[in-house]
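Coordinates in review
Read off the chains here:
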Amino acid sequence: MIGIVAVSHSARLGEAALELALQMVQGGGVRVRVAAGAGADADGAPILGTDAVAVATAIDDLASDCDGVLVLMDLGSAVLSAELALELRSSDVPVRLTPAPFVEGLLAAVVSAAAGGSLDLVAAEASAALGAKTGQLGGPEDASAAGEARPSEPQPDAVTRVVVVRNPLGIHARPAALIAEASVGADVRLRLLPDGPDASAASLSRMLILGAAQGDDVELSASGAGAEAVLERVAALFDDGFGEGTEGTPDGADGTGGTDGTAAAAPAGTPGTPVTRAAEQPPAVAPVLAGTVLRGRGVSGGRVAAPVVLLGSPVGEPDPDIVVPAADREREVSVIERASVAVADQLRGRAARATGEARAILDASSLLASDPELVGEASQRVRMQGRSAARAVWEAAIADEERLAALGGRTAERAADIRDIRDRFVAEILDLVVPGVPDRDEPFTLIATDLAPADAAALDGGGCVALVTEKGGPTSHTAIIARSLGIPAVVGVAGATGIAAGITVLVDGDRGTVEIAPDAATLAAAEAAAVLVPFGGEGALADGRRIALLANVGGAADAVAAVASGAEGVGLFRTEFCFLDRVDAPTIDEQVAAYRGVLAPFRGRRVVVRTLDAGSDKPLPFANADVEDNPALGVRGLRIARRSPALLDDQLRALACAAEAESAVVEVMAPMVSTVEEARAVAESARAAGLMTVGIMIETPSAALLASEMLEVVDFVSIGTNDLAQYTLAADRLLAELGELNDPWQPAVLRLIGAVGDAGRRWNLPVGVCGEAAADPALAPVLVGLGVTSLSMTPRALGRVAAALAAVTEAQCVAAAEAVLTAATVADARSAAAEALAAGAAGETAAGVAGETAAGAAGETAAGTADGPVV
Ligand code: PEP
Ligand code: MG
């Protein structure tokens with residue numbers, strides 16, 4: 001494995017570039033260190049600069065388990081620091097400083113390193129990383145820099161297969177990264193048919209230069225020992241549209257046929273009548289009523305309420321039959337000129353508010369809008385043929401598009417830019433709603449069927465505070481952009497576009513819900529929760545008793561964010577999130593890489609890794625091939641091992657390897673356990689693999705009732721309140737209609753948690769909570785009173801929960817727990833807890849004394865100390 005050091009003047013730039021790069025390798029698995037910034041000033045503000053000692057330390061850090069280290073630098077003194085670091089370092093691992101561009105180079109290097117590339121290859125990939133961009137933007141010097149993709153000699157022993165590019169965006173960076181990842185084990189090449197260039201699958205840049213667009217045929221060839229299997233894997237990625245959907249593929253399943261925005265033929269208009277928009281009807285959408293909660297997949301965390309804005313639909317084709325009288329034509333030309341100025345101004349205004357890539361895209365679009373060629377050609381059509389202003393622009397843009405298409409190469413995206421400008425002109429001229437992301441500064445929730453990259457770019461700097469789409473998955477464009485903007489997003493929400501514009505929705509990116517027109521109390525709670533409360537890095541009650549506050553993560557990028565928010569460790573690493581779009585089981589090496597990505601940032605700290613919880617709401621194609629009538633009650637979680645023991649064994653081996661290579665304190669736990677035999681078996685398997693601290697999740701009433709017996713055979717338990725509520729109330733957690741049943745405040749759920757807490761105290765063993773309940777500041781003291789010793793949650797909730805705990809003593813927590821255990825309803829439980837905590841606060845001194853006694857009786861961690869780490 002080749003390690004990578006990213007040297008930047010700005011810590012934020014370094015981390016953001018790393019976050020972007022790690023998106024390419026689906027959960028990490030690469031060894032990257034960021035050496036950025038020059039510390040902080042007295043106020044804690046970051047100081048820009050680079051530090052040779054930090055660079056040397058990063059290199060030495062990677063030296064122990066890397067065969068070589070590639071160093072990327074941003075500019076100026078970063079280069080000097082990197083050079084000096086070579087003198088200062090203490091290791092002798094081969095190190096290469098690369099002149100590669102910082103962001104593109106880091107992406108390419110990370111992909112190449114994850115695919116097992118040598119130092120030479122990783123360095124070459126980084127250096128060629130500007131190829132795709134320079135190839136696209138042209139220029140005589142660019143062709144050599146881009147390292148043009150050329151046809152190569154056929155490999156004599158190669159197996160071949162022709163596949164179709166099905167995803168709307170073609171082979172862009174993320175699909176290319178997936179192909180590179182899936183190609184490990186064989187020499188794979190891609191050739192754009194019929195006679196296009198070819199590229200090695202090991203080269204991200206060469207694959208991008210292919211310019212393969214949706215609908216293109218690509219010939220895959222593979223040679224080497226694992227050729228057949230690798231080819232299958234890569235072909236499956238194409239067939240699946242790289243997890244980005246296959247809408248618009250000419251032969252795609254949905255049969256919609258094309259995504260080029262071509263409007264239906266307009267009905268003939270009456271010559272001389274005012275120009276109207278052609279009657280292209282949007283598809284009928286079922287209206288969604290107030291009070292409804294829609295569910296999808298939360299792909300970017302956070303909770304925000306804001307009015308809905310629907311993504312503007314494409315404009316229809318202007319009437320071709322209008323003939324403007326000769327006397328009016330110059331006036332019509334001036335309409336085009338005014339529209340050009342207005343559209344260019346709008347785009348410039350948005351560019352000024354945007355940053356980075358989004359700004360560059362918008363700047364380029366504003367230039368297109370004032371392009372004299374386009375305006376001139378449209379004006380000619382008015383003068384010579386009497387076309388209306390809108391029609392003339394439409395036709396001139398189509399002619400431009402055709403010219404672009406004739407040039408070949410990566411024209412698809414540029415043609416889309418022309419169409420975007422065309423639609424803006426037409427909207428401006430005909431006074432229609434501007435297509436795409438609306439330009440408004442007030443906060444809004446953007447709802448769309450799906451987002452195009454240009455739409456996503458337009459989000460930066462505007463008022464969009466949440467995203468909801470009907471399509472898309474966790475790796476979709478929407479998900480990536482939302483995470484990079486740090487706004488909540490829920491994708492795959494069926495019927496979302498039926499929500500009327502202007503209605504306030506509450507988007508919860510952690511739970512994957514969209515609540516329509518929530519009541520005032522819900523809104524107030526959401527608003528309060530939206531204010532991020534900083535977390536000091538240590539959870540404790542007012543009387544000093546430690547309650548570890550941990551993070552739930554799904555991959556390396558989450559882990560980096562969790563460390564940044566002060567999490568004491570990881571209480572739930574959902575390993576299945578690393579492999580959601582895999583059609584075949586990840587190899588042990590792939591798993592080791594993914595797990596190390598999460599362990600690395602938590603050096604010396606506890607990371608609880610959950611074995612694959614595939615099935616039900618999180619099916620994995622390679623683990624849950626069967627269609628079950630009741631998947632939530634089916635072969636999910638640990639039960640998969642009954643059918644495929646190798647899946648569990650391989651995962652435990654991979655985890656043991658990852659734990660060995662990193663210095664996090666690794667613990668493993670199994671989901672969906674219901675019998676003591678299951679707990680015993682998984683504990684034996686894990687220990688045999690070298691993982692000595694083993695726990696189970698308490699997600700079924702059976703496991704909760706048998707908690708004491710479970711703790712005889714495992715070292716800790718962690719309560720998955722999401723599933724525990726689902727199974728206790730027999731209410732599907734995905735069914736919005738039954739949402740109020742899936743509430744951890746349900747007295748039956750609280751009593752089961754209490755039973756588990758009692759078992760923990762009896763054995764003096766840790767009891768965690770890692771379901772959503774852990775993130776509820778009102779519930780946290782109750783859970784502690786019930787015997788819970790650690791809480792694991794989305795990192796953004798840490799500060800709020802920490803503050804709630806810091807305000808109460810253990811005696812108050814115990815009193816609140818006792819109160820809820822006698823409650824009959826959710827409302828009773830909530831008010832009983834609030835009253836008990838308030839009463840405790842009133843008699844604080846007495847409570848403090850009682851608290852000390854209770855703390856002693858309650859038992860502590862496995863380590864048995866009040867201030868030691870808690871699971
Ligand atoms: C739970 O069920 O509470 C839990 C943490 O697991 P998941 O949400 O991943 O099923
Ligand atoms: Mg669960």
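This section reports on the structure supplied with the text.

Rules used in this analysis
- Residues numbered from 1 in each chain as written.
- Chains lettered and ligands numbered in written order.
- Predicted model: local features only at pLDDT ≥ 70, side-chain atom pairs only at ≥ 80, totals over all residues.
- Heavy atoms only, no water.
- Helix = DSSP H or I, 4+ residues; strand = E, 2+ residues; numbered from the N terminus.
- Buried < 20%, exposed > 50% of the residue type's maximum accessible area, 1.4 Å probe, protein only.
- Contact = heavy atoms within 4.5 Å.
- Areas by Shrake-Rupley, 256 points an atom, 1.4 Å probe, with all protein chains shown as cover.
- Donors = N, O, S within 2.8 Å, 3.2 Å for Na, K, Ca; no water.
- Near = heavy atom within 4 Å.
- Polar contact = N/O pair within 3.5 Å; in protein donor to acceptor, adjacent residues only side chain to side chain.
- Phe/Tyr/Trp six-rings, centres within 6.5 Å; stacked < 30°, edge-to-face > 60°.
- Axes fitted to C-alpha atoms, helices over the stretch in contact; angles between N-to-C directions.
- Parallel < 35°, antiparallel > 145°, perpendicular 65-115°, else oblique.
- Left-handed = near helix turned anticlockwise from the far one by under 90°.
- Pairing = 2+ DSSP bridges.
- Core = buried A, V, L, I, M, F, W, Y, C linked by side-chain atoms within 4.5 Å.
- Arc of directions from axis to C-beta.
- Salt bridge = Lys/Arg side-chain N within 4 Å of Asp/Glu carboxyl O.
- Expected span 1.5 Å × (residues − 1).
- Patch = residues over 30% accessible without salt bridge, like charges linked within 9 Å, V, L, I, M, F, W, Y side chains within 5 Å.

On to the overall build of the chain, then. Looking only at helices and strands, the chain has 32 helices and 24 strands in total. For the chain, the residues scored as buried account for 54% of the 871 residues in total. Of the contacts made within the chain by residues no fewer than 6 positions apart, 72% connect residues no fewer than 24 positions apart. Of the roughly 34500 Å² of accessible surface on the chain, a fraction of 56% belongs to carbon and sulfur atoms.

Within the secondary structure, Asp345 sits in helix H11 (residues 329-353). A sequence separation of 24 residues divides Asp345 from Ala369, and the C-alpha atoms of the two residues are 9.0 Å apart.

With that settled, the discussion passes to the coordination of the magnesium ion (ligand 2). Those protein atoms acting as donors to the magnesium ion (ligand 2) are Glu699 (OE) and Asp723 (OD), and they sit at 2.0 Å. Here Glu699, found in the loop between strand E21 (694-698) and helix H24 (701-705), pairs with Asp723, found in helix H26 (residues 721-729); they are 24 residues apart in sequence, far enough to count as distant. In this structure, Glu699 and Asp723 share a single accessibility class: buried.

Around ligand 1, 15 residues are found, and the nearest of them are Arg574, Arg610, Lys618, Asn722 and Arg733. Contact distances for ligand 1 include 2.8 Å between an oxygen atom and a side-chain N or O atom of Arg610. Contacts to ligand 1 include Asn722, whose backbone N or O atom sits 2.7 Å from an oxygen atom. In the complex, the protein chains occlude 99% of the 290 Å² of accessible area that ligand 1 would expose alone.

With that out of the way, let us pick up the packing of aromatic side chains. Aromatic rings considered in pairs are described by the distance between their centres and by the relative angle of their planes. Using the criterion set out here, one finds 3 aromatic pairs in the structure. A ring pair is formed by Phe573 and Tyr595, whose centres lie 5.9 Å apart and whose planes are at 80°; its orientation type is edge-to-face. Of this pair, Phe573 sits in strand E18 (residues 570-574) while Tyr595 sits in helix H20 (residues 588-599), placing them 22 residues apart in sequence. What makes Tyr595 buried here is its relative accessible area of 0%. For the ring pair Phe579 and Tyr595, a centre distance of 6.3 Å and an interplane angle of 75° mean the geometry is edge-to-face.

Bringing the packing of H26 against helix H27 (residues 747-763) into the picture now. Orientation of H26 relative to H27, taken along the N-to-C sense of each, is 120°, at an axis distance of 9 Å. It follows that H26 is oblique to H27 by the angle criterion. The handedness of the crossing between H26 and H27 comes out as right-handed. Between H26 and H27, the contacting residues are Thr721, Leu724, Ala725, Thr728 and Leu729 on the first element and Ala748, Val749, Leu752 and Ile753 on the second.

All right, on to the pairing of strand E12 (residues 444-448) then. Side-chain positions along a regular strand alternate between the two faces of the sheet. Counting buried residues in E12 gives 5 out of 5 residues, a clear majority hidden from the surface. Covered by surrounding structure in E12 are Phe444, Leu446 and Ala448 together with Thr445 and Ile447, the residues of both alternating faces. Bridge count between strand E11 (residues 303-310) and E12: 3 bridges; the pairing is parallel. Directly across from Leu310, in E12, lies its bridge partner Ile447. The pairing of E12 with strand E13 (residues 464-469) spans 5 bridges and is parallel.

For the rest of this paragraph, the subject is the sheet that holds E12. An order of E9-E16-E15-E11-E12-E13-E14-E10 is seen for the 8 strands of this open sheet, with the pairing classed as mixed. Two strands lie at the open edges of the sheet, namely strand E9 (293-295) and strand E10 (297-300), each paired on one side alone. The mean angle between the axes of side-by-side strands here comes to 30°, regardless of whether they run parallel or antiparallel.

Once that is clear, we can look at the nonpolar core. Core analysis: the largest hydrophobic core is formed by 103 residues, its most contacted members being Leu549, Ile696, Trp745, Leu791, Met793 and Leu805. The element contributing the most residues to this core is helix H22 (residues 645-661), with 8 residues.

With that settled, consider helix H5 (residues 119-127). Buried within H5 we find Leu119, Val122, Ala123, Glu125 and Ala126. In a view along the axis of H5, the buried residues occupy a sector of 160°, so they form one face of it.

The next point concerns the pattern of salt bridges. Evaluation of the coordinates by the stated rule reveals 33 salt bridges. Between Glu662 and Arg31 there is a salt bridge, with the nearest N and O atoms lying 3.4 Å from each other. Separated by 631 residues along the polypeptide, Glu662 in the loop between H22 and strand E20 (665-670) and Arg31 in strand E2 (residues 31-36) bring together distant segments of the chain. Across the pair, exposure class does not vary: Glu662 and Arg31 are buried alike. Two residues, Asp650 and Arg653, come together in a salt bridge whose shortest N-O distance is 3.9 Å. Of the two residues, Asp650 and Arg653 both sit in helix H22, 3 residues apart, roughly one turn of that helix. Overlapping salt bridges bring together Glu317, Glu377, Arg381, Arg387, Arg391 and Glu395 as one network.

A separate point is the environment of Asp195. Tracing the sequence through the fold places Asp195 in the loop between strand E6 (187-192) and strand E7 (198-200). With a relative accessible area of 64%, Asp195 lands in the exposed category.

Moving on, we get to the sheet that holds E6. Spatial strand order, E5-E8-E6-E7: 4 strands in an open sheet with antiparallel pairing. Only two strands of the sheet have a single neighbouring strand rather than two, namely strand E5 (159-164) and E7. Geometrically, the sheet is characterised by an average inter-axis angle of 25° between neighbouring strands, direction not taken into account. As paired strands, E6 and E7 are joined by 3 bridges and run antiparallel to one another. Bridge pairing links Arg191 to Asp198 in E7. Strands in contact with helix H10 (residues 227-239) are E5, E6 and strand E8 (217-223); relative to E5, the strand with the most contacts, it is inclined by about 5°.

We now examine H27. End to end, H27 covers 25 Å across 17 residues, agreeing with the expected 24 Å (1.5 Å per residue, within 8%). Where H27 is concerned, the buried positions are Pro747, Val749, Leu750, Leu752, Ile753, Gly754, Val756, Gly757, Ala759 and Gly760. Two residues or fewer after H27 comes Asn764, characterised by a positive phi angle close to 55°.

Let us look at a nonpolar patch on the surface. A cluster of nonpolar residues, Leu13, Leu20 and Val103, forms a patch on the protein surface that exposes about 190 Å² of accessible area. Within the secondary structure, Val103 is located in helix H4 (residues 102-114). On the accessibility criterion, Val103 (30% relative accessible area) is partly exposed.

Attention shifts here to the pairing of strand E1 (residues 2-8). Of all 7 residues that make up E1, 7 are buried, and the element is covered over most of its length. Neither face of E1 is exposed, since Ile2, Ile4, Ala6 and Ser8 on one face and Gly3, Val5 and Val7 on the opposite face are all buried. Bridge count between E1 and strand E3 (residues 68-73): 6 bridges; the pairing is parallel. Its bridge partner lying in E3, Gly3 is registered against Val69. As defined by bridge partners, E1 adjoins E2 across 6 bridges and the pair is classed as parallel.

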